[in-house]
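Descriptive analysis of the structure
Below, each chain spelled out in residue letters.
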Amino acid sequence: KQWYQRRVRAHGKNQSESSIPRFPANSDIEDILNKKTQISVSDSKKVGVFGLPSHDLDSYLTSAIRQCDDLLLQLEDAEDTVKVVDEIVKEIVSLSDACSFLAQSTSDRRDEARNVLRQAEKYLASLNKNPAILAALKNTVKDLSSWEQLDVETRRVVLMLLLDFKNNGLDLPEEKHKEVEMLSNQISATGVDFVRGSTKPVSLPIEECPEALLSLPFTGDEIVLQDWCDSNPVDSIREHAWVNYFRYDAKQEQHLHSILDKRQKLAVSTGYTNYAERALQGTMAGSPAVVREFLTELHQQIRPVARDEVYELEKWKFQGSKFWINRGHAKVNEVVVFPWDTNFLEEQMKKAWIKSESRGHASLPDFLSVGTVIEQIGVWIEDTYGARLVAERPLDGELWSPDVIKLAVEHETEGLLGFVYLDFYSGDKRKSPPCHHVIRSGTQKTIPISVIECNYTPSNGYRPPHLNINTLEKLFEELGAAVHSMLSEYPPMREQGFGYLPIREQNTIHLPSR
């Protein structure tokens, strides 16, 4: 709480964006989410998505790039360069934030957003090849008197930008620079292929299928495994599905070796011993040795806890499986918990606990309407941090779907801390929700914005959407990440260098290395 109070003092009242137009909805969040109350759009001028100044994403990007190019023509020293980065963060990166989300959503502006995002990425990538920027930075570092005149923050930004240029090989001879560029593109392309291959369904010809899998649905002459059937109650189905879904794939291993080989070449070309050393430059860890030390200590501390949890799974499997008793195993420690057992056993233990806690009363999910859950999470936030959730009327053009709910996070003394958009009904039904998207991080000059995206089924008019225990846990986790974004203050985005893209930005819950 002491850390949070320091963050509020730095991030609350002195926000440059504290004058954002506000239109409270004057309705309970529970009623709004349960579809008992509708929120009308505020009577204001039309804006772009997430309150951007322009509704036309393409023309807004064109105008922002023109402004930045005009500034680049006036570069003389490092301070000028830092001003350019600030302008890029303000204009281009803020637009990319919005587009990176819309490009993954079901919004009718998805194609437009993808096109604008590609243009923004291309422009940001071009800045890594701009010799005028590199020359201005190098001249400042060489000139001791100019360097000493810079404040600590500007010096840090200059060093981060120089590191970014080094990693992109801009200070190398032309032939070497092209090699670095080629390796980077090849690593990126192969990485995309590897990720696609790791998540694609596995098709098994029926004649090659284990007998246990023949009970699964099939298409034509094949059984298609979309996942490894971790929730199936039959042990043999889980086992064979796991073995086949994660079976050896020569093409995937080829991709992996190709990535590792090219990463090593890239590291050596840019002056590092190995890729780990290159990747950790400018991070909290700093070096592979620190990472290794951290993982070793973490392993030592987690191992006894993990051993106790495995024992609980062994007890549950022993009690619930006649298979082991029929084989003459009379002791719990003779039971083996396999990789395909853990998710299923954990789910069974959870259901049994909920049933015992209910004591014959109504099912727990009957109390978990979407509105009730969000309302009570708001109570917890207020009790813990003195911040509350307030429903807001959106500006005209601010939302990408009429079902989206806009919430403000307000502190009892410091005022507005940020905005959370709840997109509970327009999400892609094929995704595994909920998902937390950081649209913009909070700094001393910016208000943080987050989106919680789900694919819940809307109210049928008689009963609001209700959550089961699993969806409740996932929603609580993602909302917790959104609250963390509201209560956290990040370094200025310009410290990320020109290679920064908002789609890579994560909060420290998911990326402790940041």
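Residues numbered from 1 in each chain as written. Predicted model: local features only at pLDDT ≥ 70, side-chain atom pairs only at ≥ 80, totals over all residues. Heavy atoms only, no water.

Below, the discussion takes up the pairing of strand β7 (residues 449-453). Counting buried residues in β7 gives five out of five residues, a clear majority hidden from the surface. Burial of β7 is two-sided: the residues Ile449, Val451 and Glu453 facing one way and the residues Ser450 and Ile452 facing the other way are all buried. As paired strands, strand β5 (residues 415-423) and β7 are joined by five bridges and run parallel to one another. Each bridged residue has a counterpart across the sheet, and for Asp423 the counterpart in β7 is Glu453. Pairing of strand β6 (residues 435-440) with β7 involves five bridges; the strand directions are antiparallel. Each bridged residue has a counterpart across the sheet, and for Val438 the counterpart in β7 is Ser450. (Buried < 20%, exposed > 50% of the residue type's maximum accessible area, 1.4 Å probe, protein only. Helix = DSSP H or I, 4+ residues; strand = E, 2+ residues; numbered from the N terminus. Pairing = 2+ DSSP bridges.)

Here the focus is the sheet that holds β5. Spatially, five strands are ordered β3-β4-β5-β7-β6 in an open sheet, and the strand pairing comes out mixed. The open sheet has two free edges, formed respectively by β3 (387-392) and β6, since each of these has just one partner strand. Direction aside, neighbouring strands of the sheet carry axes that sit 25° apart on average. Examined bridge by bridge, strand β4 (residues 405-411) and β5 share seven bridges and lie antiparallel to one another. Across the sheet, the residue bridging to His411 is Gly415, located in β5. Against the sheet, helix α16 (residues 370-385) makes contact with β3, β4 and β5, and its axis sits at roughly 140° relative to β3, the strand it touches most. Strands in contact with helix α17 (residues 469-487) are β4, β5, β6 and β7; relative to β7, the strand with the most contacts, it is inclined by about 175°. (Axes fitted to C-alpha atoms, helices over the stretch in contact; angles between N-to-C directions. Contact = heavy atoms within 4.5 Å.)

Before going further, it helps to spend a moment on helix α5 (residues 110-127). The terminal C-alpha atoms of α5, which comprises 18 residues, lie 26 Å apart, in line with the 26 Å expected from a rise of 1.5 Å per residue. Looking at α5, one finds that the buried residues are Ala113, Val116, Leu117, Ala120, Tyr123, Leu124 and Leu127. End-on, the buried residues of α5 take up no more than an arc of 125°, which puts them together on one face. Exposed side of α5, more than 90 degrees from the buried face: Asp111, Arg118 and Lys122 are the residues found there. (Expected span 1.5 Å × (residues − 1). Arc of directions from axis to C-beta.)

Interpretation in functional terms is not warranted from these geometric data alone.
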